[in-house]
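# A look at the structure
What follows is each chain in one-letter form.
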Amino acid sequence: MNSEELFLRSKNVVPGGVHSPVRSFASVGGTPVFFSEANGAYLKSVEGKQYIDYCLSFGPLLFGHRHPEIQEVVEDTVKKAWSFGACEPYSLELAEFITSRIPWVEKIRFVNSGTEAVMSALRVARAATGRSKILKFDGCYHGHLDQLLVKAGSGLAGLSSSDSKGIGPEIIQNTLVLPLDDEDALEKLFQEQGKDIACLAIEPVPANYGLLPQRTEFLKKCRELTNKYGTLLLFDEVISGFRVSFQGMAGLTGIVPDLVCYGKIIGGGFPVGAYAGKKDLMDLVAPSGPVYQAGTLSANPVGMRAGLKTLTKAWNENPYPELESKTKKLTSGILKLLEESGENDWEAVTFGSLFWLKGKTKNTVRTITNIPSDHKAKFAIFFHKLLNAGVYLAPSGYEVGFLSTVHSDEVIEETLNKTKQALKEIK
């Protein structure tokens, strides 16, 4: 069976034929590729075609697909147990490893996804403050929980509307939404409603609606105002945690959040998330405190051991400077090829090992309103040409790309050769 036949079959039994919307290729058009194997920096489709992968399961594969050291741990664990639903030592080892290396993580609770982590952290914030309102920002994504699946509504500061059918107005009435990179709007809202806001939630490096690097001054203003008004600051580091640096954006900026959410890398590629923070806040969680949260499969032993091996390698080897250098080498090479082919209106936004290709703009894009209007259509053409050449990017112009340690100079050179061929086809 080829990908097209499998997709037709899947649409008969699965909504849209996929288990997560972006996989459907709806943003870029065409039929999604069905993959059957992955190894190192490569994916193999059901047709047997090999692709260089820069999606990397949307970020968790810091050391590439099936790194031998991590695979060895996974195989060893599967021989011992698949799931306990009971206490085990593996989550303890991972928790001790993280808390001993990140000072603001005094206690941590493992869950099964980033969405679950944010949902639980917000529950803690409301309980700790006795307040109901949550503040988020347009362009930040915190998973598909009802209260944060919202967007700015009428344009008036603080008003919001549902970003999905099935979410009633009563659910989001306590969700406030502001634009990113606007200290004046932030200060005004806190002056008006600060004493009612339980939590300010933000991706400190927004990477779910393009790559929108924020000024440190803006993040510091978030911390300043939350301190002033008794609001908790939640850093959603599901993507950036252990990816942009071992201590994430909190470590790079020196801004200490009250609560932090992790995902992606801490499970080594398996479905793991976590919320963490100061001891007094985390001790509000059952069974220590009155905030209920549970998960039958939380702290699955395979994910715990794969995550510990991944983080141990990251701590010991510090791959971050090299990853940043390789990311710049890749993107500068692509931009040079685009310019040589007459496509000189592209630019790359990079942050550590994250990258985003988009049309040129006069200033750094920090808000979604400044993303070029033709970006989606333009990226779709580029995406399919690279796909045909054997380079796999995330199938949306608003998703970012990732590099791993196995994206060697040779792999990058192979990517650039494929890109050169793809651009000839575009021309």
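Conventions and cut-offs
Each chain has its residues counted from 1, following the order in which its sequence is written. Only residues with pLDDT of at least 70 are given local features in this predicted model, and only at 80 or more are side-chain atom pairs given and counted; all residues enter the totals for whole chains, interfaces and linings. As a rule here, side-chain values cover all heavy atoms of the structure and leave hydrogens and water aside. Just to be clear on terms, a salt bridge is a Lys or Arg side-chain nitrogen sitting within 4 Å of an Asp or Glu carboxyl oxygen. A run of DSSP states H or I qualifies as a helix once it reaches four residues; a run of E qualifies as a strand once it reaches two. Both are numbered from the N-terminal end. Buried, partly exposed and exposed residues are distinguished by accessible area as a fraction of the type maximum, computed with a 1.4 Å probe on protein chains only: under 20%, between the cut-offs, and over 50%, respectively. Every definition here rests on a 1 Å grid over the protein atoms only: cavities are sets of points where a 1.4 Å probe fits but cannot get out, pockets are open sets enclosed by protein on both sides within 12 Å along at least five of seven lines, and lining residues have some atom within 4 Å of a point. Grid points are joined across faces, edges and corners, and a volume is the space filled by probe spheres set on the points. We call Asp, Glu, Lys and Arg charged. Ala, Val, Leu, Ile, Met, Phe, Trp, Tyr, Cys and Pro are nonpolar, and the rest, Gly among them, are polar. When DSSP finds two or more bridges between two strands, those strands count as paired. UniProt positions are given in the numbering used here, feature names are shortened, and annotations may be inferred rather than shown by experiment. A contact between two residues is defined here by any heavy atoms of the two lying within 4.5 Å. Orientation is described by lines fitted to C-alpha atoms, with helices fitted over the stretch in contact, and by angles between N-to-C directions that extend from 0 to 180 degrees. As used here, the arc belongs to the directions running from the helix axis to the C-beta atoms. Nitrogen and oxygen atoms within 3.5 Å of one another constitute a polar contact, given that in protein one can donate a hydrogen and the other can accept it, and given that sequence-neighbouring residues count only through two side-chain atoms. Counted as positive: Lys and Arg. Counted as negative: Asp and Glu, with His and the chain ends omitted from the count.

Attention now goes to the pattern of salt bridges. Tallying each qualifying case throughout the model produces 19 salt bridges. Bridged by salt links that share partners, the residues Glu 69, Lys 309, Lys 313 and Glu 317 form one connected network.

Cis geometry marks the peptide bond from Ala 286 to Pro 287; its omega dihedral reads 10°. Its identity is not glycine, yet Phe 242 carries a phi of approximately 65°, on the positive side. With respect to the secondary-structure elements, Phe 242 resides in the loop between β10 (232–236) and α8 (248–253). Positive phi, normally seen in glycine, also occurs at Ala 299, with a value near 60°. Examined against the element boundaries, Ala 299 turns out to sit in the loop between α9 (279–282) and α10 (301–317). Owing to a relative accessible area of 16%, Ala 299 belongs among the buried residues under this scheme.

Bringing empty space enclosed by the protein into the picture now. Within this structure, the stated rule accounts for 2 cavities of 30 Å³ or more. Quantified by volume, the largest cavity comes out at close to 80 Å³. Forming the walls of the largest cavity are Phe 355, Trp 356, Leu 357, Phe 379, Leu 393, Ala 394, Glu 399, Val 400 and Gly 401. If one sorts the elements of the lining of the largest cavity by residue count, strand β14 (residues 354–359) sits on top with 3 residues. The class makeup of the residues in the lining of the largest cavity is 7 nonpolar, 1 polar and 1 charged. One number sums up the size of the second largest cavity: a volume of about 40 Å³.

With that out of the way, let us pick up the sheet that holds strand β2 (residues 42–45). The strand order β1-β2-β3-β15 describes an open sheet built from 4 strands, whose pairing is mixed. In this open sheet, the two strands that pair with only one neighbour each are β1 (35–39) and β15 (391–392). Where β2 meets strand β3 (residues 50–53), 3 bridges bridge the pair, whose relative direction is antiparallel. Bridging from a neighbouring strand, Leu 43 pairs with Tyr 51 of β3.

Sites flagged by UniProt as "modified residue: N6-(pyridoxal phosphate)lysine" (unreviewed entry) map to Lys 264. If you trace the backbone, Lys 264 turns up in the loop between β11 (259–262) and β12 (273–277). Once you skip the residues sitting within four places of it in the chain, Lys 264 turns out to touch Phe 58, Pro 60, Val 238, Ile 239, Gly 269 and Val 272.

Right, let's get into the sheet that holds strand β5 (residues 133–138). Spatially, the 7 strands line up as an open sheet ordered β4-β12-β11-β10-β9-β5-β8, and their pairing is mixed. Looking at which strands have only one partner, the edges of the open sheet turn out to be β4 (107–111) and β8 (175–179). Within the sheet, the average angular offset between the axes of one strand and its neighbour, ignoring direction, is 20°. Sheet topology places β10 next to β11; 3 bridges connect them, and they run parallel. What sits directly across from Phe 235, in β11, is Val 260.

Turning to helix α1 (residues 3–13), a few remarks are in order. Among all positions in α1, only Ser 3, Leu 6, Phe 7 and Ser 10 are buried. Buried positions in α1, seen along its axis, are confined to an arc of 100° and lie on one side of it. Sitting at the amino-terminal end of α1 is Asn 2, which places a side-chain oxygen 3.2 Å from the backbone nitrogen of Glu 4.

Attention now goes to the side chain of Asp 53. For Asp 53, the location among the structural elements is in strand β3. Arg 243 provides the closest opposite charge to the buried, unpaired Asp 53, separated from it by 9.3 Å. At 3.2 Å, the side chain of Asp 53 and the backbone nitrogen of Leu 56 are in polar contact. The contacts of Asp 53, once residues within four sequence positions are left out, are Ala 41, Leu 43, His 65, Tyr 392 and His 407.

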